[in-house]
Amino acid sequence: MKSKEEKKVYEDYYKRKDSHQTIRYKWYKEKYFKNIKDRKILEIGCGDGGVVQYLKQDNEVHAVDISRSAVEFLNSKGIESYLIDMSVEPLPFNNKTFDDVIILETLEHLKSPQSTIEEIQRVLKKDGIMIASIPNPRTGHRFIYPSLFE
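Predicted model only: the values in this text are computed from it and were never measured.

Here is what the cut-offs are and how they apply
- By convention here, each chain's residues receive numbers from 1 onward along its written sequence.
- Restriction of local features to residues with pLDDT of at least 70 applies here, the model being predicted, together with a cutoff of 80 or more for giving and counting side-chain atom pairs; totals for whole chains, interfaces and linings are based on all residues.
- Computation of side-chain values: all heavy atoms of the structure, hydrogens and water removed.
- Nonpolar cores are built from buried Ala, Val, Leu, Ile, Met, Phe, Trp, Tyr and Cys residues. Side-chain atoms within 4.5 Å join them into one set.
- Residue exposure (1.4 Å probe, protein chains only): buried if accessible area is under 20% of the type maximum, exposed if over 50%, otherwise partly exposed.
- By the criteria applied, helices consist of DSSP H or I runs no shorter than four residues and strands consist of E runs no shorter than two, each listed in order from the N terminus.
- Whether two aromatic rings pair depends on their centres lying within 6.5 Å, for rings of Phe, Tyr and Trp, where Trp uses its six-membered ring; planes under 30 degrees apart make the pair stacked, over 60 edge-to-face, and the rest tilted.
- Should the NZ of a Lys or the CZ of an Arg lie within 6 Å of a ring centre and within 35 degrees of the ring normal, that charge is described as sitting over the ring.
- In the sections that follow, a salt bridge refers to a side-chain nitrogen of Lys or Arg positioned within 4 Å of a carboxyl oxygen of Asp or Glu.
- Contacts described as polar in this section are N or O atom pairs within 3.5 Å, which, within protein, must combine one atom able to donate a hydrogen with one able to accept it, while residues neighboring in sequence count only if both atoms come from side chains.
- In what follows, a contact means two residues having at least one pair of non-hydrogen atoms within 4.5 Å.

A. Spatial organisation of the nonpolar core. Of all hydrophobic cores here, the largest spans 16 residues; its most connected members are Phe33, Ile41, Val51, Leu55 and Ile102. Contributing elements (two or more residues each) for this core: α2 (22-32), β2 (60-65) and β4 (98-104). Of all hydrophobic cores here, the second largest spans 15 residues; its members include Leu42, Ile44, Leu91 and Val101.

This is the structure we're talking about:
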């Protein structure tokens, strides 16, 4: 469970109109999802749009994030989104639902990345693909690797 301070930071983090990560999101789309169609894709921790915003035209996309403002923003862009704290809550999907799961620079913010990986395994189809990234811990984010520094 996130502290009140952490929840406030995440809550307000995405109160803006457009993504500040557009270049990175587009790179992931071109690198890993170029010309894909008719796939069911979940992005975990996609904040203000993530990669799924560029995949929604030709695929069924879903998103989860801990930030209420992010979920509201994503829903306003036509991306079915859910408010979930992946450290303590399960994904609201049936087993083997998704062809692809994307989780970019999110695992390092979780107190229990193992349970999140297990949830991804649960919702990912047998031949599904998970795309994940984690940043260098020297990036200086206040809540990076919380369980390692408590």
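Structure shown, so let's carry the discussion forward.
B. Broad picture of the packing of aromatic side chains. Here the structure, examined in full by the defined rule, presents five aromatic pairs. Seen from their ring centres, Tyr82 and Phe93 are 5.3 Å apart, and the 90° between their planes marks the pair as edge-to-face. Here Phe93 lies in the loop between β3 (80-83) and β4 and Tyr82 lies in strand β3, a separation of 11 residues in the sequence. Summarising the aromatic geometry, the rings of Phe93 and Phe98 are spaced 4.9 Å apart at their centres and angled 90° between planes, so their arrangement reads as edge-to-face. Assigned by exposure class, Phe93 and Phe98 land together as buried. When the ring centre of Phe98 is taken as origin, the NZ or CZ atom of Lys40, which lies over that ring, is 5.8 Å away.

C. Summary view of the pattern of salt bridges. Enumeration according to the criterion identifies six salt bridges in this entry. Among the salt bridges present, the one from Lys29 reaches Glu30, with a minimum N-O distance of 3.6 Å. The class of Glu30 is partly exposed, set by a relative accessible area of 41%. In this structure, Glu60 and Lys40 form a salt bridge, with 3.5 Å as the shortest nitrogen-oxygen distance. Pair noted here: Glu60 is in strand β2 and Lys40 is in strand β1 (residues 40-44), with a separation of 20 residues, a long-range link. The partly exposed category is assigned to Glu60, whose relative accessible area is 41%. Put simply, Lys29, Glu30 and Lys34 are held in one network by salt bridges that share partners.

D. Focus on the side chain of Asn59. Structurally, the position occupied by Asn59 is in the loop between β1 and β2. Asn59 gets classed as buried once you look at its relative accessible area, which sits at 9%. Here the side chain of Asn59 touches Asp38 through a polar contact of 3.2 Å, landing on its backbone nitrogen. In this structure, Asn59 is in contact with Ile36, Lys37, Asp38, Arg39 and Ile41, ignoring residues within four places of it in sequence.

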